[in-house]
Protein chains: 2
Amino acid sequence: MPELRRDPIIGRWVIIAKERGKRPSDFVVEREVTKGGFCPLCPGNEGSTPPEVLAYGRSGGGANAAGWSLRVVPNKFPALIIEGELDKRGEGIYDKMNGIGAHEVIVETPEHDLIPPEMGVHQIELIFKAYQERLEDLSRDARFRYIIIFKNQGAAAGASLEHSHSQLIALPIVPHRIQEELSGCQRYFEYKERCVFCDIIRQERSQNIRVVCENDHFVVICPFAPRSPFEMWVLPKRHSSSFLSLGEEMFGPLASLFLETLKRLYKAIPGVPYNYVLHTAPLRMQELEYYHWHIEIMPKLTKIAGFEWGSGFYINPTPPEEAGRFLRNMEVENG
Amino acid sequence: MPELRRDPIIGRWVIIAKERGKRPSDFVVEREVTKGGFCPLCPGNEGSTPPEVLAYGRSGGGANAAGWSLRVVPNKFPALIIEGELDKRGEGIYDKMNGIGAHEVIVETPEHDLIPPEMGVHQIELIFKAYQERLEDLSRDARFRYIIIFKNQGAAAGASLEHSHSQLIALPIVPHRIQEELSGCQRYFEYKERCVFCDIIRQERSQNIRVVCENDHFVVICPFAPRSPFEMWVLPKRHSSSFLSLGEEMFGPLASLFLETLKRLYKAIPGVPYNYVLHTAPLRMQELEYYHWHIEIMPKLTKIAGFEWGSGFYINPTPPEEAGRFLRNMEVENG
C-alpha cells in the first residue's frame, strides 16, 4: 500500500509508492520513451491494461475489444490504490495516511503515432469530454478531495509511453500547489472583490501583447510571470471555478482553440515536449466567486536545477511578450 | 536589464533574463555538458572569466593568474545584474522590478576532472569557507534580501560546465520557497515554542531509521517526506538560523561529514547527478529561534512531470527508511 506523507515544515505532501521501489542500482537516470515494440495502449492489446472504465466510439463489440476512438483505463502501475478506507496517523511529529486514490490513463486516440496537434478537432473534443465524465464519476467518491488531470508529452516531459495519453490522479487531500493558488485568489478577492483571473483576462485583452489567440468563449495568453519559455494559459472568458460546470456546447469551442494553440506551439518549436495540467476547484466546492478554472501548458525547454529547487524562483530566457508575439504570428489552419 | 516579475496569484517571482533570450528555433531540449575542449574554469584560462572576487591558495602571482586552489568569479552570463538601483513598478495588476542582484560561480578546485566525493576534506572545507565569505561580503549590500547558494552536478541536474563548481545568486527579495519554509517554521514555533528542525533532529536520532551518518556537530538524515529517492538533509545539531554564524572551528566537522555523505551517495549510485542548496535565514535577520539552517541534497533520479508541476505533489518510489538503511550501511572511508 503506498503512503501519503506530509512535510512537517511547509505542509507539502508526497506519495511514497513502495510497490514501485527499486534497488539503487535499478535507477535509470534518463528514462527514454520506448519506441517501437509492443504498445499496451494500441487497439488489439486491450487485454494488457486493467479493464476499461470508459470508452467512446465503439459500435458493437464488447468492452475491452478494439473499435474504440478513446479509452480510459486504470493505470497498471498506480501511484495510489483505489480500495480501502482512509487512515490518517501520526508518527511522532510527522503525519501520514495510507495511499488511497485513483490513477487512470486516458488513451486519447487508437492511432499509435497520432499526436494532439495532428488530431481532428472532434478527437480533442472527446478528450475533454472524457476528462469531465471521469471527474464527475470520481467526484461521487467521498474519500477524494481533489482530482488532477494532466498530460506529459515527450520523454523530456516525463512520458514513458509513446502512444498519446493523459492521466488522472484522484487524491484524498487538496495538493499544496492548488491550495496556494486558492489562497492567493481568495486574498485577491477579499481585497478587490473581483476574481484575479477575470482581472488578468481583462488586462491581457486590453493590452493585447501576451494574447496568443481567442474565440468567443476562451482566450489563450502567455502569463505575465511565466516559469518557462512559451508557457501558456487557456482560460474560459466567462467566470467559472469548476471544469465540471462546463456545458456540453462549450466542448467544441474549447477543443478548437486548444488545438489551434498546440498547432501554434508545434509550428514554433517542432516536436517540443510539454506538460499541461487542468486547474479546477476542489471537489464539492463547485462555484467559487474567487477561483477560475483554466489549463496551464508548460513546454519543457529549460532544466529545473538547484536554484529553482531551492528558491521556487524560475529563470526564464524568453519574455512572454516575445513568446506571445511569436505564437500569435504563426500561420496555422484553424482547428 | 533582466526583470523580476511576480505572479499575481501565488506570489512566485520569476527572472525574465532577456539578454539570454533566444529565438524559438534556438532551444535545445536536452542540454549536454560540454566534454573536452576549452574550459573557462581551468587554471591558465583565468582571462576568460570576469575578474575574480575571491581566491584561496595562491602564493605569489597576481590576481587572475594560475596557482589558486579555489576561485570565485562573477558569472559571465548572469541572471541578474549587479549595477543599478532597485526600481519597483506596477503594470496594471502586475508587479515587477529591475533585475538587480549578483550571480557568482565558485570554482571548487583547479582540477578539471575532480568531483567533490573524490576531493580531500580540506578542499571541501575551503568550499564552505568561500560560501561564508561571499555571503558575508554580499550581505553588506542593502539592496539584497536573500542569497541562495547551490550546486548542480551533472547535466541531468542542470550543470552546463563539467568543471566542478557551485553558484551563488543574491536577490532583492526573499524567494517564495524560502518564505514558505520560514512561515511554516514560525507557525510550528508559535504552537510548540520549539524549532521544528530541532524536533526533527531529536525524533530522527531517537528513531534512528532515517539517519545516514553523524558526528558531534552535524547529522545527515533522509527526510520523512522526501521529494526524490535518496534526498538528504545535512543539519547542525546546535540550533542556529544562519550559516553566517557558523564558527571557523566548525568547517572541519561540516566538511568531513558532508564529504562522507557524498561518498555514501556515490557508492550507492555511481555518477548520480544531484543538486544541493544551502537553506539559511534571510539577510539581516541573523538569529531566529524558529529557523534552522541546513543543506538539502536532491539526487536527480526521477523526472518532474505534469503531475508534480500541477500539484506540487511528488511521487517517490523509495521510502526514506530504505534509502537511509542503504546509505548508512555503505562502507566508505571517513572523510
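Residues numbered from 1 in each chain as written. Chains lettered and ligands numbered in written order. Predicted model: local features only at pLDDT ≥ 70, side-chain atom pairs only at ≥ 80, totals over all residues.

Undergrad: Honestly, unusual backbone geometry in this entry has me stumped. Any pointers?
TA: Of all residues except glycine, most have a negative phi; of all peptide bonds, most are trans. Here the phi dihedral of Arg284(A) falls at roughly 60°; this positive angle occurs in a residue that is not glycine. Secondary-structure assignment places Arg284(A) in the loop between strand 13 (274-279) and strand 14 (294-299). A positive phi angle, near 55°, is found at Asn208(B), a position not held by glycine. Along the chain, the position of Asn208(B) falls in the loop between helix 3 (196-207) and strand 10 (211-214). Asn208(B) gets classed as exposed once you count the C-beta atoms within 10 Å, which come to 12. (Helix = DSSP H or I, 4+ residues; strand = E, 2+ residues; numbered from the N terminus. Buried ≥ 20, exposed ≤ 12 C-beta atoms within 10 Å, placed from the backbone.)

Undergrad: Is there a simple way to think about the packing of helix 1 (residues 121-138) of chain A against helix 4 (residues 251-268) of chain A in this case?
TA: Between two packed helices, what matters for the description is the angle formed by their axes and the separation of those axes. Residue and element names in this part refer to chain A. Taken N-terminus to C-terminus, the directions of helix 1 and helix 4 make an angle of 115°; their axes are 8 Å apart at the nearest point. The two elements helix 1 and helix 4 meet at a crossing, and its hand is right-handed. Packed against helix 1, whose contacting residues are Val121, Ile124, Glu125, Phe128 and Lys129, the element helix 4 presents Phe251, Gly252, Leu254, Ala255, Ser256, Phe258 and Leu259 at the interface. Looking at side-chain class alone, the contact of helix 1 with helix 4 contains eight nonpolar, two polar and two charged residues. (Axes fitted to C-alpha atoms, helices over the stretch in contact; angles between N-to-C directions. Left-handed = near helix turned anticlockwise from the far one by under 90°. Contact = placed C-beta atoms within 7 Å. Nonpolar A, V, L, I, M, F, W, Y, C, P; charged D, E, K, R; others polar.)

Undergrad: I would appreciate a short explanation of the pairing of strand 11 (residues 218-221) of chain B in the present structure.
TA: Along any regular strand the residues' side chains alternate between the sheet's two faces. All names here are of chain B. Side chains of strand 11 alternate between two faces, with Phe218 and Val220 and Val219 and Ile221 buried alike. Where strand 10 folds back on strand 11, the antiparallel hairpin that results is connected by three residues. Sheet analysis places strand 11 next to strand 12 (residues 232-236), joined by four bridges and oriented antiparallel. Considered in strand 12, the bridge of Val220 is made with Val234. (Pairing = 2+ DSSP bridges.)

Undergrad: Could you clarify how one ought to interpret the domain arrangement of chain A in this entry?
TA: By a widely used convention, the size of an interface equals the accessible area lost when the partners come together. Residues and elements named next belong to chain A. With domains assigned, chain A is organised as domain 1 (3-175) and domain 2 (177-329). Using only C-alpha atoms to locate each centre, domain 1 and domain 2 end up separated by 22 Å. Contact with domain 1, which involves 28 residues of that partner, is made by 25 residues of domain 2. Among the elements of the structure, helix 1 and strand 8 (146-153) are those that each provide at least two residues to the side of domain 1 that touches domain 2. A total of nine residues in the side of domain 1 that touches domain 2 trace back to one element, the largest contributor, which is helix 1. Partitioning the side of domain 1 that touches domain 2 into residue classes produces 18 nonpolar, five polar and five charged. (Domains from an automatic or database assignment.)

Undergrad: What should I look at first to understand the sheet that holds strand 13 (residues 274-279) of chain B in this one?
TA: Whenever strands of a sheet pair, they do so through backbone hydrogen bonds, lying parallel or antiparallel. Residues and elements named next belong to chain B. Here ten strands make up an open sheet; going across it, the order is 3-4-7-9-8-13-14-12-11-10 and the pairing antiparallel. Of all strands in the sheet, those with a lone pairing partner are strand 3 (54-56) and strand 10, marking the two edges. The mean inter-strand angle of the sheet, taken between neighbouring strand axes irrespective of direction, is 20°. Lying on the sheet, helix 4 (residues 251-268) is in contact with strand 10, strand 11, strand 12 and strand 14 (294-299); it crosses strand 10 at an angle near 140°.

Undergrad: It is not clear to me how the nonpolar core should be interpreted in this structure. Could you clarify?
TA: Counting residues in each nonpolar core, the largest one holds 94 residues, and the members touching the most others are Ile15(A), Met232(A) and Val234(A). No other element matches the nine residues that helix 4 of chain A contributes to this core. Not counting residues within four places of it along the chain, the set of residues in contact with Ile15(A) comprises Pro2(A), Leu4(A), Ala79(A), Leu80(A), Gly99(A), Phe313(B), Ile315(B) and Asn316(B). Val73(B), Phe150(B), Ala155(B) and Leu265(B) belong to the second largest nonpolar core, which has 91 residues in total. (Core = buried A, V, L, I, M, F, W, Y, C linked by C-beta atoms within 7 Å.)

Undergrad: Where do I start with the environment of Glu333(B) in this structure?
TA: Of note, Glu333(B) is situated in the segment after helix 6 (320-329). In the structure, Glu333(B) is positioned 74 residues away from Leu259(B) in sequence and 10.0 Å away in space, judged by C-alpha atoms.

Undergrad: Even after reading the chapter, I still don't get the sheet that holds strand 15 (residues 314-316) of chain A, so can you show me in this structure?
TA: Spatially, 15(A)-2(B)-1(B)-6(B)-5(B) is the arrangement adopted by the five strands of the open sheet, whose pairing is mixed. Strands at the two margins of the open sheet, each flanked by one partner only, are strand 15 of chain A together with strand 5 (88-91) of chain B. If you compare each strand with its neighbour and ignore which way they point, the axes differ by 30° on average. Looking at chain direction, strand 5 of chain B and strand 6 (residues 94-98) of chain B are connected through four bridges and run antiparallel. Following the sheet pairing, Arg89(B) is matched in strand 6 of chain B by Lys96(B).

Undergrad: What exactly am I supposed to notice about helix 1 (residues 121-139) of chain B here?
TA: Each full turn of the α-helix corresponds to 3.6 residues, which orients residues three or four apart in the same direction. Over its 19 residues, helix 1 of chain B runs 27 Å from end to end, which matches the ideal 27 Å to within 8%, given 1.5 Å per residue. The complete set of buried residues in helix 1 of chain B reads Gln123(B), Ile124(B), Glu125(B), Leu126(B), Ile127(B), Phe128(B), Ala130(B), Tyr131(B) and Arg134(B). (Expected span 1.5 Å × (residues − 1).)

Undergrad: Is there a simple way to explain the confidence of the model for chain A in this structure?
TA: Atomic detail in the predicted coordinates should be set aside for any region of low pLDDT. Residue and element names in this part refer to chain A. Per-residue confidence for chain A averages 90 on the pLDDT scale, and 92% of its residues sit at or above 70. Confidence drops under a pLDDT of 50 for residues 28-32, and excluding neighbours within four residues, the segment shows eight contacts in the predicted structure. At the level of chain-chain contacts, confidence expressed as ipTM amounts to 0.88, with global pTM at 0.92. (pLDDT = per-residue confidence, 0-100.)

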